[in-house]
Every structure is written in structure tokens, then in C-alpha cells.
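# Working through the structure, step by step
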Amino acid sequence: MNKLLYFFLLLSSLSFSQTIRFEGNVLESGKTPLEMANVMAVNQATKAVDAYAITSEKGRFVLNLKQNATYSIKFSYLGMKNVEITVTTKTENISQNISMEQGGIQLDGVEIVREMPVSIKGDTIVYNADSFKTGTEKKLEDVLKKLPGVEVNADGEVEVEGKKVSKLMVEGKDFFDGDTKLGVKNIPADAIDKVQVLRNYNENSILKGVENNQDNVAMNIKLKEGKKNFWFGDITAGIGVGHTDSRYLINPKLFYYSPKYSLNLITNFNNIGELPLTIQDYFKFTGGFKNMMAKGGSSFNVSSNDLGISLLRNNRAKEIETQFGATNFSYNATKSWSLSGFGILSTSITDVETKSLTNYLSTNNSSQVESTENKDEAAHQKSSLGLFKLSSTYKPSTRFQMDYDVLTKLSKQDENGLSYREFADASGLDSETILTVKKQNPTSINQNLSFYYTLSDKNIFAFEMQHLYQDENPFYNANLEGDPFINGGNILNYDFSQTRTDFNQNRFVKTNKVDAKLDYYYMVSNKSNINVTIGNTYSFQSFDSSIYQILDNQTINYLNSSTNTNNVNYNFNDAFLGLHYKMLTGKFTLTPGVSFHTYAMKNDQLGTSLKNNFTRILPDFMAIYQIKKAESLTYNFSFNNNFTDINKLVEGYVLNGYNSLSKGYRALENATSQVHSLRYFKYNMFNFENIFANATYTKTMDAVKTKAVFVNGNQVSLPFNSALPDETFSGMGSYGRSFLKRYKASFSAGLNWSKFNNIRNDVFSTNESFTQNYTIKASTNYKKLPNIEIGYNYMVNDYSNSKFFTDKPFARIDYYFLNSFAFVSEYEFYHYYTKDKTTENEYDFLSASLVYQKTKDSKWEYKISATNLLNTTSLNDDSFSQFSTRTSQYKVQPRYIIFSLKYNL
């Protein structure tokens, strides 16, 4: 690591010693500074863009130019006449101010912006991709990581200026709407001409300007001319080298874009651990559907009835085999009507092995451990996932637009598990083996219908409606040596005289939810508007469950008492009227608001109905202080009503696991929360300095909490409304900037503090957790030298009685050499330990690849790659619940060496 740092500093010093500074200020008519003017230096000998800049708020620019060279320096600014001067450098720095005059848009000005590595036009930042490519880039992700102000995390999520990119487009057409990962991981780097970042994005031009869109960011990829109206893509096939069992990779990708229509096809078949779509990705895939009722102040979230099927960590497991196929299309049927959509099918077979230690916190002192559970688990999973979306947009004029979207999610998930468990408390040590079976086939259909109409310059109407249909049918089976849930009474009334206890549970949950609202905007002036909202949320849910026992002689013991079965219907309705006033005064944008709600709830179970009706007034407020063009401070306040869905209301027992039962409480009340958030943002195009900070505090009253009884490692829980508030505080911030256009460095920090109140074994308890995450990294971006990235990540997880630390230094090197070879290697080192060193583990990961392509235009590529070169066998992680802490170690796939061929279309 020290050698890499020395190499990085050496490259920096060499760069400084061979350049001179050309600096000055760009002024309008020699007087007023021009912010965000484009400056570009073209080397007269090589015709290459050697340097570029975008002026600061004071009009200042700095270019680092080669010594003893002649440059054409071009200046452009929207609405100004372009300026071009010739500068011959020697060994001394040069200082010169530039005056620009008012003038129309010029074609040569457009050409300057086209050639600029980075340029700004209104709310759009345009990156010239070739200016940042070094030759090793193979996909969009590789390009984005080299752009100033852009970050890509391991999940394929893209952030610009600290804001998550919510939509990815190619040539203005949606690319798998609602997710950026598929585009980031699959769009070929050699097809990319420009990357456009669309700030303050609203896909509906009718509402742009009347709503607050400061947090909305989209990204559009412009293709090279040779990729338009032609099929492009690649086909990759690879096999394992030197393995006892066969390893393979087949990955064809095809793309077609024209003004009329587009079509994309992505497939991936492999057993080397590559996961184009994980179960986590599936559940968070929104398909572009937004929370249209977020402004109303009420929260009614439909929860998932998943069985806790083991999820992968870092997309790693003992064995992973994947079959994946996806297609995305768009079609402009007429000038006013367009269609788009996608279909995704994925099947994965996974083997997971985990060793874990769970510490159950003391009833009287949450900083002490009352009992422990050691567990070895092995699970075999098969998941089949399907996502399908169809969208239609009809826009006959700039005054009217109609949208319709339908998103369908289908899945089939099965898991067979075997566990060995040891439980220890003051009474002694118990052990047992446990067999489990989990099956679920959830289905959901989400539809959206929207109308937008501009009656006149002062009157705008927007109608939006969403319908969610969700059908869940989880099945759970646990076969145990022991007899759970009998201490303090056999609450399930099962037969515990059997050799083994064989529990089974069927659960059927259906949801129909409709959200509808009508917004009216009255433009008081060009700086203020009034927004009146009439809305309604209606939900109907049904919940049916039953538990039964299979006896030793294979007969069925139906545990069909009223305490073990559920047949519940739940109706929820929220009708509301909202009023918001948005005004711009000086540098401030203020949006105070209030909503008036009337609620009606009814649940039917146990032969009776329980109704609850009430009204509530919920205020909210937003203030934006626009300090400069690219610097702002935003404050948000909201008072919210939070409602639980049917899962917390059913009063029959539900089997959550072999040692966990829960039941609901039909008379639960809603929780209320106050949320305060403060966000600071600054982006300086002059030196690509990016500063972002965010802090959020939430205080929840009457929170729905858990009353739990623990006996011999078995948990029985039910919800209640806590009289004491829950509190959470989260903060994050980052600072990043570029140096000399070749170096990029950043520092980020994240903090999260939580305070929860619960009841454990009839004793009230308060638990706190505090997590910290810090990352510092730096990278180079040379054309003809090796590029390196070095960084360090430090994590602290403080969970009541336990404190876990992780040190993670990391490094990456990529080098394009001899005009044919591309070498990339990544290294991560983990040091995982507790404060007293009772739990400690060290492991590292090293991967490398070497690609040969005779010329950049050659059709064939040859690649040798290796994953987990150091043959690391397992990883660690930890987690916290309000009653326990857990640390675990899970197996990962061994070293794989893959030889592959790729044919570029």
C-alpha cells in the first residue's frame, strides 16, 4: 500500500514539473464575471484537447498546459460571441483576462461544447466520454467511475452530486425504467459518446417549474454515430481453466437504436457467481413507479410476507448458478404516442453455508448478554423471478399528456435448510438439528394512470391514480428435535410426545390498494403558485393462515383453535385535502403546506368487527436557500401519520421460524412522526469540487413496538403502541474534487444513531445502536500510464452490548498498453474484530484480468480472468435487532480462472 501511494505522488510531481499555468478571468464586456463559461485548449501540433475548464462564480479559469507549445484557446458561453486566441507557452505561467460580448448562438460555439470534456447547458451537465476513457473500459460502469462528480456503488446505483440517479435513458429512451444496474453493468463502453446528467429532472414537462424537483436526477447516454440505426453489442463465451468441475460463462448482448424504435437484449448464463439480478434487486425494482402520495402526510405501506429466505451478502455464496434473460424496447407509434417496456426472467440456484453467534440481550441490562445461540446452517435455494412492464405515453400537444403503466412481478422461491443449533443460558446447554422448508410464489401487479392538462398559463390540472394487487402464499415447514413453545404452557396445543416436532404453516395474504389524487395549480405569478390537492387512499386486505403438525405416523394434527388460525379482513381509507403555497423570494424558495385527513378503518376477525374513525391535520414545510447557481441549502419538515397494514392486526399466532411465534393486536393505533432534514450541496465546475451533506432526525410517538417473551431461545411476540418515543438520527457527507483533470479524490462519512423502546419478558427496555462508516480514496486517469485507485474504509457498528470494527483498505490498477492489451486488477483486505478481540477474522480478495484486442476496431477479444485469486473461503458480517446482536461467517466461492472469447458486433 505504501508503494502504491509513493507511485501516486511520483506521478503527481512529474505532472506538475512539466506544465505551466494559463489563468485569468472571463468577463462580460470586460466588467461582469461570467460563471460556467467553457474554456478549451487545443494543441496546434497534435490537434488534441490538452486542457479544459469551466469558470468559477468569479469567472476564473486555470489551464495546465505543456511547456514550449502553441495552443488555440477557445471560449464559449450561451448567448455570447465566441472568442478564440492563440497562446505560445514557454516555462513561465501566463495570466490574461478575456472579454466576451453579447451575441447569438453560433455553430462554432456548438462545436466547442461538443469537443469539451465537460460542459454545462442549463440544468444539464454533458461529459464527453472519450475524454475520460483510457482503453481499459468495457462497460458504462467503467466510464462513469472516471467522471468527476459521479459515483457508482457495488449495487450499480449511480450518484451525481450526492443524489441518486432515478432514471437511466439511452438516446432519450428508457433503459429498464426503475433501475440503473442493468444499464451500468451491460451498456458497452465503446458505444458511448456523451453522458448527460439531467438535474432538476421531471419527465412531465407540464409540471416542470411548479413542483420541487431539486432531488430528481436522470442520466441520458448519447451513442456514437456509428452505433445508431445499426445493431451493436457483443457475444462472450468462457470456460474454466484447471478446475475439477466445469465452469462456464455465456453472455450475449444486443442493442439497436433508431429515432423510431429501440430494442435491447441481454442474457447471461454462468456458474461463476455473476448475478445480473439478485433477489434484493428484484424486491426493490420499482419499474419507475413513484410514491405519489408522499406529499399527503400519511404513510400506509404494504409489507412483505416473505419467509426470510437467506439473502446473499455482497452477491457471494458457496455456489451460485444463474440463467438470466432481459429485453427492453421503445416504439414511437406516432408523433404523439409512444410505447415502451421490458421483460426480465431470471433463475438462480444457490448454496449458502453460514456459521453464526447470536447474543440475546439481558432483560434488566441491555449491555449484558442473557443467553447465546451458536448455529451452523446450510441452505439450498432455487429462485425464479419475472418482471414485466408496459408503458404508454400520449402527448398530442404541449398542453396535454396521458400516461399508463403496468408492472407485473412474479416469482417462485424454494429453500431447503439444515441447521445445527446450540443454545446456552443460565440453566445449561441444549442442542438440536433442524430441517426447514420454505416456499413462496408472490405475485404483484402495479398500474398507474395519469392525466396532465394545462388549461391556461395560470391553470394546470394533474390527475394520478395507482392500483396495487398483491397475492402472497408463503409456506413454512420446520422439523425439530426439541419441543418449542411449551415453557409457560403449550400455547399451540400441539402433541410434544413425538420423536420430532414437525410444524407446518400455510399463509395467504391478498392486497388491493388504490391511490388517487387530483392536483390543481394556480400560477399567482411567475414566482409563486398555489397547489390544491384532493386525494384518497383505499386498501382492502385479507389474511388467512393455519398451523398443523405432522405426527410420527404421518397423520396430520390440525392445530385449528382460534389462537392458531387467522381469517381476517381489513379495510383502510384515507380521504384528504391538501393546500401548498410555493413562492420564490430572492434566493429562497418557500413551500409551506397543510393537509386535512379523515380516516376510516375496520377489521373483521373472530366473528366481530372493530372500527376506528378520526380526523387529523398534518403540516409540512420546505425551504430552499439557493446560495449560488450550484450551491444550496434545503430544509424539510413533515408531520406524518404512519399506519400498519394487516400483518400487525391478526390475533392468531403466525409461525415466523422454528423458534419464533408472533401475533397481532387488532386495536393498534397509528404512530405519528416528526421528520426534520437538512441538506447542503455545492458543486464547483471550476475544479470539480463536490460537497454534499445531509442530516435527518425522526421522532416517532405511539410507535408500533414489540412485546417479546424469550424462553430457552424461543420467542413469542406481539405488537403494542409505545408510550415513549423512538428516535433516529442519520447523517452523511462527502467531499470530492479533481486535480489537474487527471486526479480524483474523495472522502465520505455516514453516521446512524437509533433509540428503540420494547418490552422483553414483561420488563421495559431501551436499546441504542450507533453505526459509523468512513471512506477515503484517490485515483488517477492517465491515457498512457498505469492508473491506480487506492482507498480505505473504516466501519464501526455499536450494538448495545457489542462493538464490531472493520478495516478495509482497497486498491485497483488498470493499464492499457502496447495499443492491444488491457490489464485490470482489484484488491480488498478485510480486518474484522471486536473491541476486546474475542471475535477476529482477516480475509482478502484479489481479482485480475488481461484482455487482448489487436486494435480498437478488431472484432475479437481474448480474455483470461481470475476471481478470488487468494482462495478466500469465508466472509464476516454482523447485525442488530432490538433484542439481540448477531455475528456470522459465510462461505464464498473459491478461486476461478476463466478463459473467454468475445465477438464485437
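These lines cover the structure that appears in this document, whether it is placed above or below. Here the structure is a predicted model, which is why all the values come from computation and not from measurement.

Counting 57 residues, the largest nonpolar core has Tyr 127, Leu 144, Met 219 and Ile 344 as the members making the most contacts within it. Per-element tally for this core: the top contributor is strand 17 (residues 217-223), with four residues. Setting aside chain neighbours within four positions, we find Ile 344 in contact with Phe 176, Leu 182, Leu 277, Phe 285, Phe 324, Gly 325, Ala 326, Leu 385, Gly 386, Leu 387 and Phe 388. One finds Val 26, Ala 37, Phe 61 and Leu 65 within the second-largest nonpolar core, a separate group that totals 21 residues.

Moving on, we come to the pattern of salt bridges. Using the criterion set out here, one finds 47 salt bridges in the structure. One salt bridge connects Asp 130 with Lys 224, and the closest N-O pair in it is separated by 2.6 Å. Placement of the pair is Asp 130 in the loop between strand 11 (124-128) and helix 3 (140-144) and Lys 224 in the loop between strand 17 and strand 18 (231-240), with a sequence separation of 94 residues. One salt bridge connects Asp 457 with Arg 399, and the closest N-O pair in it is separated by 3.8 Å. Of this pair, Asp 457 sits in the loop between strand 27 (443-456) and strand 28 (459-472) while Arg 399 sits in the loop between strand 24 (369-397) and strand 25 (400-425); the two residues are 58 residues apart in sequence, bridging distant segments of the chain.

For Thr 136, the position within the fold is in the loop between strand 11 and helix 3. Thr 136 sits in the buried class, given a relative accessible area of 7%. Side-chain polar atoms of Thr 136 contact the side chain of Asp 814, separated by 3.2 Å. The contact partners of Thr 136, leaving out residues within four places of it in the chain, are Asp 142, Lys 146, Asp 814, Tyr 815, Tyr 816, Ala 822, Phe 823 and Val 824.

Here we come to the packing of aromatic side chains. Summed over all chains, the structure comprises 38 aromatic pairs. Aromatic side chains Tyr 743 and Tyr 782 sit 5.7 Å apart centroid to centroid with 75° between the ring planes, which places their arrangement in the edge-to-face category. One end of the pair, Tyr 743, is in strand 44 (residues 743-760); the other, Tyr 782, is in the loop between strand 45 (763-780) and strand 46 (787-799), and 39 residues separate them in sequence. Both residues of the pair, Tyr 743 and Tyr 782, belong to the buried class. An aromatic cluster is defined as three or more aromatic residues linked by ring pairs; in this entry it consists of Phe 300, Tyr 570, Phe 572, Tyr 599, Phe 614 and Phe 643. Lys 409 extends its terminal NZ or CZ atom over the ring of Tyr 282, reaching a point 5.4 Å from the ring centre. Over the ring of Tyr 653 we find Lys 663; its NZ or CZ atom is 5.2 Å from the centre of that ring.

Quick notes on the rules
Each chain carries its own residue numbering, running from 1 in the direction its sequence is written. In keeping with the predicted nature of the model, local features appear solely for residues at pLDDT of at least 70, side-chain atom pairs appear and are counted solely at 80 or more, and the whole-chain, interface and lining totals rest on all residues. Derived side-chain values reflect all non-hydrogen atoms in the structure, with water molecules and hydrogen atoms excluded from consideration. What we call a nonpolar core is a set of buried Ala, Val, Leu, Ile, Met, Phe, Trp, Tyr and Cys residues that are connected through their side-chain atoms within 4.5 Å. For every residue, the accessible area (1.4 Å probe, protein chains only) is compared with the maximum for its type, and the residue is labelled buried under 20%, exposed over 50%, or partly exposed between those bounds. Each helix is a run of H or I in the DSSP string that is no shorter than four residues. Each strand is a run of E no shorter than two, and both are numbered from the N terminus. We call two residues in contact when some of their heavy atoms are within 4.5 Å. Within this document, salt bridges are pairs made up of a side-chain nitrogen of Lys or Arg and a carboxyl oxygen of Asp or Glu, the two lying within 4 Å of each other. Any N or O atom pair separated by 3.5 Å or less is treated as a polar contact, with the protein-specific requirement of one donor-capable and one acceptor-capable atom, and with residues adjacent in sequence counted only for side-chain atom pairs. Under the pairing criterion, centres of Phe, Tyr and Trp rings, with the six-membered ring standing for Trp, must be within 6.5 Å; the plane angle then separates stacked pairs below 30 degrees from edge-to-face pairs above 60, leaving the rest tilted. Working rule: Lys NZ or Arg CZ, within 6 Å of ring centre, within 35 degrees of ring normal, means a charge sits over the ring.

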